[in-house]
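The primary structure of each chain is shown beneath.
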Amino acid sequence: MTTTSNRIAAGVERGAPFSFTVDGQPVEAYPGETLAGALLAAGRRLARRTAWRDEPRGAFCFMGVCHDCRMVVDGVPNVRTCLTVARAGMVVEMQLGFGPPPPLGDSAPEARR
Ligand code: FES
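Cut-offs used in this document
- Residues numbered from 1 in each chain as written.
- Predicted model: local features only at pLDDT ≥ 70, side-chain atom pairs only at ≥ 80, totals over all residues.
- Core = buried A, V, L, I, M, F, W, Y, C linked by C-beta atoms within 7 Å.
- Buried ≥ 20, exposed ≤ 12 C-beta atoms within 10 Å, placed from the backbone.
- Helix = DSSP H or I, 4+ residues; strand = E, 2+ residues; numbered from the N terminus.
- Contact = placed C-beta atoms within 7 Å.
- Pairing = 2+ DSSP bridges.
- Axes fitted to C-alpha atoms, helices over the stretch in contact; angles between N-to-C directions.

Undergrad: How should the nonpolar core be read in this particular structure?
TA: If you look at soluble globular proteins, the nonpolar side chains tend to sit buried side by side. Counting 22 residues, the largest nonpolar core has V27, A36, A38, L39, M71 and V92 as its most contacted members. Taken together, the elements giving at least two residues each to this core come down to β1 (18-22), β2 (25-29), α1 (35-41) and β5 (70-73). The dominant element in this core, judged by the number of residues it contributes, is α1, at 6 residues. Non-local contacts of L39, meaning those with residues more than four positions away in its chain, are made with V22, V27, R44 and T81.

Undergrad: Hey, could you run me through the sheet that holds strand β8 (residues 95-96) in this one?
TA: Whenever strands of a sheet pair, they do so through backbone hydrogen bonds, lying parallel or antiparallel. What the 3 strands build is an open sheet, ordered β4-β3-β8; its pairing is mixed. For this open sheet the edge positions go to β4 (56-57) and β8, each flanked by a neighbour on one side alone. Bridge count for strand β3 (residues 48-49) against β8 is 2 bridges, and the pairing is parallel. The residue of β8 that forms the bridge with R49 is L96.

Undergrad: Is there a simple way to explain the sheet that holds strand β7 (residues 91-93) in this structure?
TA: In space, the 5 strands of this open sheet follow the order β2-β1-β7-β5-β6, with mixed pairing throughout. Of all the strands in the sheet, just β2 and β6 (76-80) have a single pairing partner and so form its edges. Within the sheet, the average angular offset between the axes of one strand and its neighbour, ignoring direction, is 40°. Of the pairings in the sheet, the one linking β1 to β2 comprises 5 bridges and is antiparallel in character. In the strand pairing of β2, S19 is matched with E28.

Undergrad: Mind showing me how you'd approach unusual backbone geometry here?
TA: Most peptide bonds take the trans configuration, and most residues that are not glycine carry a negative phi. Positive phi, close to 55°, is recorded for D54, a residue that is not glycine. Mapping D54 onto the fold places it in the loop between β3 and β4.

Undergrad: Looking at this structure, I do not really get the environment of N78. What am I missing?
TA: Mapped onto the elements, N78 comes out in strand β6. Along the primary structure N78 and F98 are separated by 20 residues, whereas in three dimensions their C-alpha atoms are 7.3 Å apart.

Undergrad: Is there a simple way to explain the environment of E33 in this structure?
TA: Relative to the assigned elements, E33 resides in the loop between β2 and α1. What makes E33 buried here is the crowd of 20 C-beta atoms within 10 Å. Taking the C-alpha atoms as reference, E33 lies 8.5 Å from T84; in sequence the two are 51 residues apart.

Undergrad: Would you mind going over the pairing of β6 with me for this structure?
TA: Side chains on a regular strand alternate between the two faces of the sheet. For β5 and β6, the ladder comprises 3 bridges, and the chain directions are antiparallel. Following the sheet pairing, M71 is matched in β6 by V79. Joining the antiparallel neighbours β5 and β6 is a turn of 2 residues, in which D74 adopts a positive phi near 50°.

Honestly, it's all geometry; don't read function into it.
Encoded structure:
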């Protein structure tokens, strides 16, 4: 599991850590953290690669505006990780281009954007 060395240590009380996976690797998160925040704390900056030039992108604004943090979360592409609270057992993958098509009948709001 990834260390917590990039998190503020002093004066912060956190709940019990849990993990989710990113490209098959476990990442540690704490209750209330977003996926993007947990990834940044784990030292991972790459979220996706662009469709046209295959350029790397990662979280930039951390407030849902730039869309550079989009990843595939539990099979749903284009999920803005800066707006998505991490949960135990989530499966997160780097998004290539526009990502895979969303599952048929998926009602996740992020899948329709
Ligand atoms: S970091 Fe900009 S939308 Fe997520």
